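Architecture at a glance
Chain by chain, the residues:
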Amino acid sequence: MSPVEIPMNARPSPFVCFIWFLRFLNFFTSPELSSHGALCMFSALDMEEGLEKILYGEGHLRTRTRIRCKVKSTFSETRLVPALNDLLIANPSPAAVSRFRMGWLQALDQGVEEDMESDPYKLDTPTNKNFLNHLGTVTRFGGIPFDNTNSLNVWSSGLWISSAIGSTAAMAAAGGKVQDPDSTELQYLIREHMIEPNQTNDDGLPIRHEDVDTGMIATGQKLHLRWSSQRGRIFVDGSHLTHNLELGDELLIDNLAPPLKMYISGERARALRMGV
């Protein structure tokens, strides 16, 4: 008997029946049934017709930006799976405060950092002193040194990060803006940000919600987080995939994850060109 043949006249054991029962339950609770398939070009009802359109050149290939997130702990650095829709970075308890420091990373000149480590007096000149005074907290990801600039201490209910595709879901419901699906920018939104009346930024200016709570992450920009709570968690595209955070963990977030390539119909492509 070949490996693909199934003896239909054999009586299954109770254990096999139980396994098939669990698979039956999993079918009705799987994410495939809870998703409405917004990115699908066709359904099971018109799959044959849809595949013919793609094979004969009627499909339009597009790319969709995904979110890259690196987590640096004390002894390890982890790159999470690319997120297509969004990331939620928050305390595991919805009633607890999420504390983190948020800023922007800029690549630091390798030669300057080597001089700082080998001979600090070597940089004891007016020009170098002026440069060093503008440096924030220097950190590394993948062995590359970065300067952390424009940082801000945040007490909130967490942080949303979404792609253009994900901006129509939780991000929009939380008060963010809906982006064009072809956009490569990411969007962030601080949830329930608690700002003290006299809280100021690094330049001594008052911090206002409209200035810091929402914004965009363009190509080339890297958002940096240093987790300041005892516990934290990253939720990737919902609750199915998570990554735990501990005090002192650092995150790098940008749009350099491998993009998703997908076909869209000719009607949808024309609608996108018209802005519908």
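For the structure itself, consult the block above.
This report concerns the structure included in the present document. Residue positions are given per chain, counted from 1 along the sequence in the order it is written. For this predicted model, a pLDDT threshold of at least 70 governs which residues receive local features, and a threshold of 80 or more governs which side-chain atom pairs are given and counted, while totals over whole chains, interfaces and linings are taken from all residues. No hydrogens and no water enter the side-chain calculation; it runs on all heavy atoms of the structure.

**Things to note about the overall build of the protein**
Helix numbers and strand numbers start at the N terminus; a helix is a DSSP run of H or I with at least 4 residues, a strand a run of E with at least 2. A tally of regular secondary structure across the protein gives eight helices and 15 strands. Here the term buried applies to any residue with accessible area under 20% of the maximum for its type, exposed to any over 50%, and partly exposed to those in between, with areas from a 1.4 Å probe on protein chains only. By residue count, 35% of the 276 residues in the protein fall in the buried class. Reported accessibility uses the Shrake-Rupley method at a 1.4 Å probe radius. Residues are deemed covered only where the shown protein chains occlude them. For the protein, the exposed surface amounts to about 17400 Å²; the carbon and sulfur share of it is 56%.

**Focus on the sheet that holds strand β8 (residues 159-162)**
Two strands are counted as paired when DSSP detects at least two bridges linking them. An order of β10-β9-β8-β4-β12-β13 is seen for the six strands of this open sheet, with the pairing classed as antiparallel. Every other strand in the sheet has two partners, leaving β10 (214-217) and β13 (241-246) as the edge strands with one partner each. Along the sheet, successive strands turn relative to each other by an average axial angle of 20°, direction set aside. Pairing geometry for β8 and strand β9 (residues 186-190), over four bridges, is antiparallel. Opposite W160, over in β9, you have L189 as the bridge partner. Geometry is summarised by axes, namely lines fitted to C-alpha atoms with helices restricted to the contacting stretch, and by angles between N-to-C directions that run from 0 to 180 degrees.

**Thoughts on unusual backbone geometry**
Phi is positive for E192, close to 50°, though the residue is something other than glycine. Relative to the elements of secondary structure, E192 occurs in the loop between β9 and α7 (209-212). Judged by relative accessible area, which is 62%, E192 ranks as exposed. Unlike most non-glycine residues, D237 shows phi in positive territory, near 50°. Looking at where D237 falls in the secondary structure, it is placed in the loop between β12 (231-236) and β13. For D237, a relative accessible area of 28% translates into the label partly exposed.

**Description of the nonpolar core**
Definition used in this section: a nonpolar core is a set of buried Ala, Val, Leu, Ile, Met, Phe, Trp, Tyr and Cys residues joined via side-chain atoms within 4.5 Å. I89, M102, L159, I161, L223 and I234 are the most contacted members of the largest nonpolar core, which has 28 residues in total. Listed in part, the six residues of the second largest apolar core include W160, M171, L189 and F235.

**Overview of the sheet that holds strand β11 (residues 223-227)**
On the basis of which strands lie adjacent, the open sheet formed by seven strands has the order β3-β2-β14-β11-β5-β7-β6 and antiparallel pairing. Each end of this open sheet is capped by a strand with a single partner; those strands are β3 (77-79) and β6 (137-141). Geometrically, the sheet is characterised by an average inter-axis angle of 30° between neighbouring strands, direction not taken into account. Across five bridges, β6 lies against strand β7 (residues 144-156) in antiparallel orientation. Pairing of V138 across the sheet is with D147, part of β7.

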